[in-house]
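# Coordinate inspection notes
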Amino acid sequence: SLSATADLGIRDSMPTWTLQAGFIHGNRRQTAYLYPYYRHQELSRYTFFASVERNLVTRQGVWSFSANASFAKGEGDPYDDRTFQAPSDKQSAPPSMDAYLYREYDYLTAPQYGLGGAVKYIFLFPGTQLQTHARLSLQHQKANNVSEYSAGCDRTTATIAIGCTF
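First, a word on what this report is: a plain description of the structure on this page. The residue numbers shown here count from 1 along each chain, following its written sequence. The predicted origin of the model limits local features to residues at a pLDDT of at least 70 and limits the giving and counting of side-chain atom pairs to 80 or more, whereas totals for whole chains, interfaces and linings rest on all residues. Where side-chain values are given, they derive from all heavy atoms of the structure, hydrogens and water being excluded.

## Brief notes about the side chain of Ser-44
Put simply, DSSP marks the helices as runs of H or I at least four residues long and the strands as runs of E at least two long, and each gets a number from the N terminus on. Mapped onto the elements, Ser-44 comes out in strand 3 (residues 37-57). Here a polar contact is recorded for every N or O atom pair within 3.5 Å, except that within protein the pair must consist of a potential hydrogen donor and a potential acceptor, and residues adjacent in sequence are included only if both atoms are side-chain atoms. Here the side chain of Ser-44 touches Asn-27 through a polar contact of 2.5 Å, side chain to side chain. Leaving out residues up to four positions away in the same chain, Ser-44 has contacts with His-25, Gly-26, Asn-27, Lys-73, Gly-74 and Glu-75. Whether two residues touch is decided by their heavy atoms; if any such pair falls within 4.5 Å, the residues are in contact.

## Considering the pairing of strand 6 (residues 131-143)
The pairing of strand 5 (residues 112-124) with strand 6 spans 13 bridges and is antiparallel. For Gly-114, the partnering residue across the bridge sits in strand 6 and is Gln-141. Strand pairing is assigned whenever DSSP identifies at least 2 bridges connecting the two strands. Between strand 5 and strand 6, which pair antiparallel one after the other, the connecting turn spans six residues, and Gly-127 there sits at a positive phi close to 80 degrees. Judged from the twelve bridges that link them, strand 6 and strand 7 (residues 154-165) form a sheet pairing that is antiparallel. Directly across from Thr-132, in strand 7, lies its bridge partner Cys-164.

## Some thoughts on unusual backbone geometry
Here the bond from Tyr-35 into Pro-36 is cis, since omega is 10 degrees, no more than 30 degrees from zero. In this structure, Asp-12 is a non-glycine residue whose phi angle is positive, near 55 degrees. In this fold, Asp-12 is placed in the loop between strand 1 (2-8) and strand 2 (17-34). Residue Asp-12 is classed as exposed on the basis of its relative accessible area, which comes to 80%. Relative accessible area decides the class of each residue, using a 1.4 Å probe on protein chains only: under 20% of the type maximum gives buried, over 50% gives exposed, and in between gives partly exposed.

## Observations regarding the packing of aromatic side chains
The aromatic pairing rule takes the rings of Phe, Tyr and Trp, using the six-membered ring of Trp, and pairs them if the centres are within 6.5 Å, calling planes under 30 degrees apart stacked, those over 60 edge-to-face and the rest tilted. Tallying each qualifying case throughout the model produces ten aromatic pairs. Summarising the aromatic geometry, the rings of Tyr-38 and Phe-84 are spaced 4.6 Å apart at their centres and angled 35 degrees between planes, so their arrangement reads as tilted. Taken together, the positions of Tyr-38 in strand 3 and Phe-84 in the loop between strand 4 (61-83) and helix 1 (98-109) put the pair 46 residues apart, joining distant regions of the chain. Here the aromatic cluster, defined as three or more aromatic residues joined through ring pairs, consists of Tyr-33, Tyr-35, Tyr-38 and Phe-84. Put simply, a charge is over a ring when the Lys NZ or the Arg CZ is close to the ring centre, within 6 Å, and near the line of the ring normal, within 35 degrees. Directly above the ring of Tyr-107 sits Arg-45, whose terminal nitrogen or CZ lies 5.8 Å from the centroid.

Structural measurements only, silent on function.
So this is what it looks like as structure tokens:
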């Protein structure tokens, strides 16, 4: 992976703006064996992403607003079935759950985009010097290609998080 981050307008170790962009590349190579049969899969996935964050300092704490976008696409073949040698007439090919195989293949290779945003409030917990935060985020992923094996093409996730920084 490769990414770049720019912190702009830094005051008291807090950037006013944070910009980030990057690229992630992943490869999957796996093989399953049941002699004399084997199944090989090789996939690649590329993800491009960007985000922007704006911090607003108030007397009680810091409000942080962020937005992000991504695009992902993959390539490869769902599987390649082979044998080490010709099976005997008493051997049969192992069972296969092709529906799940193709569903995962669609998930990893279909062109898809993501959009999201978050609001975060950072404050000192009353009576302590413990830096605490509350965060609400929403992320939406949409696949552009859907096959008969796909369980759907949209996924939306809402997250509420409360934590502290040590």
